[in-house]
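# Secondary and tertiary structure notes
This is what each chain is made of:
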Amino acid sequence: MTVSGEHFTLSSDPHVGLWGWVTPRLDRLATEVWLVLICNVGGIVGYIAAMKYFEPLVISCCQNVNPILSSIFSVMLGVDPPPTPLAVF
């Protein structure tokens, strides 16, 4: 932030504070509950349930492919630009 010239403080102010993201706000509550309960807990339970049927090597390969697939989906949906050669190598 210093390099870009943006003003910031070491406070929990949601606008200019470095720790502003930890400020509790009601508009973030539904998103946080969704991410924690559905995405995280559902994903962990899915991986644990899959371990009954697949070898651990298959599960670990699926976990390692997840960031690559997420990057491809974000480019296809237009949310992110394609990775640069520096990110690929």
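### Points about the overall build of the protein
From N to C terminus, the protein includes three helices and zero strands. When its helices and strands are written in sequence order, the protein yields α-α-α. Against the compact-globule benchmark of 12 Å for 89 residues, the protein has a radius of gyration of 19 Å, which places it well outside the compact range. Restricting the contact set of the protein to residue pairs at least 6 apart, pairs at least 24 apart contribute 0%. Summing over all exposed atoms, the protein offers an accessible surface of approximately 7800 Å²; the carbon and sulfur share of this is 72%.

### A few points about helix H1 (residues 26–50)
Along its 25 residues, H1 runs 35 Å from first to last C-alpha, staying within 8% of the 36 Å computed at 1.5 Å per residue. The axis of H1 is deflected most strongly, by about 25 degrees, at Leu35.

### What to know about a nonpolar patch on the surface
Taken together, the side chains of Leu26, Leu29, Val33, Trp34, Leu35, Val36, Leu37, Ile38, Val41 and Val45 make up a nonpolar region of the molecular surface, amounting to roughly 950 Å² of accessible area. Along the chain, Val45 falls in helix H1.

### A word on the state of the cysteines
Formally, a disulfide is one covalent bond, and it connects the sulfur atom of one cysteine to the sulfur atom of another. Counting across every chain of the model gives zero disulfides. Lacking any disulfide linkage, Cys39 is separated from the closest cysteine sulfur, that of Cys62, by 18 Å.

### Focus: helix H2 (residues 56–76)
The first and last C-alpha atoms of H2 sit 30 Å apart over 21 residues, in line with the 30 Å expected at 1.5 Å per residue. Once H2 ends, the next one or two residues include Gly78, with phi positive near 80 degrees.

### What to know about the side chain of Ser74
Topologically, Ser74 is positioned in helix H2. With sequence-adjacent residues up to four places away left out, Ser74 is seen in contact with Val79 and Asp80.

Cut-offs and rules
Residues numbered from 1 in each chain as written. Predicted model: local features only at pLDDT ≥ 70, side-chain atom pairs only at ≥ 80, totals over all residues. Heavy atoms only, no water. Helix = DSSP H or I, 4+ residues; strand = E, 2+ residues; numbered from the N terminus. Rg over C-alpha atoms; globule rule 2.2 N^0.38 Å. Contact = heavy atoms within 4.5 Å. Areas by Shrake-Rupley, 256 points an atom, 1.4 Å probe, with all protein chains shown as cover. Expected span 1.5 Å × (residues − 1). Bend = angle between axes of the 7 residues up to and from the residue. Patch = residues over 30% accessible without salt bridge, like charges linked within 9 Å, V, L, I, M, F, W, Y side chains within 5 Å. Salt bridge = Lys/Arg side-chain N within 4 Å of Asp/Glu carboxyl O. Disulfide = S-S within 2.5 Å.

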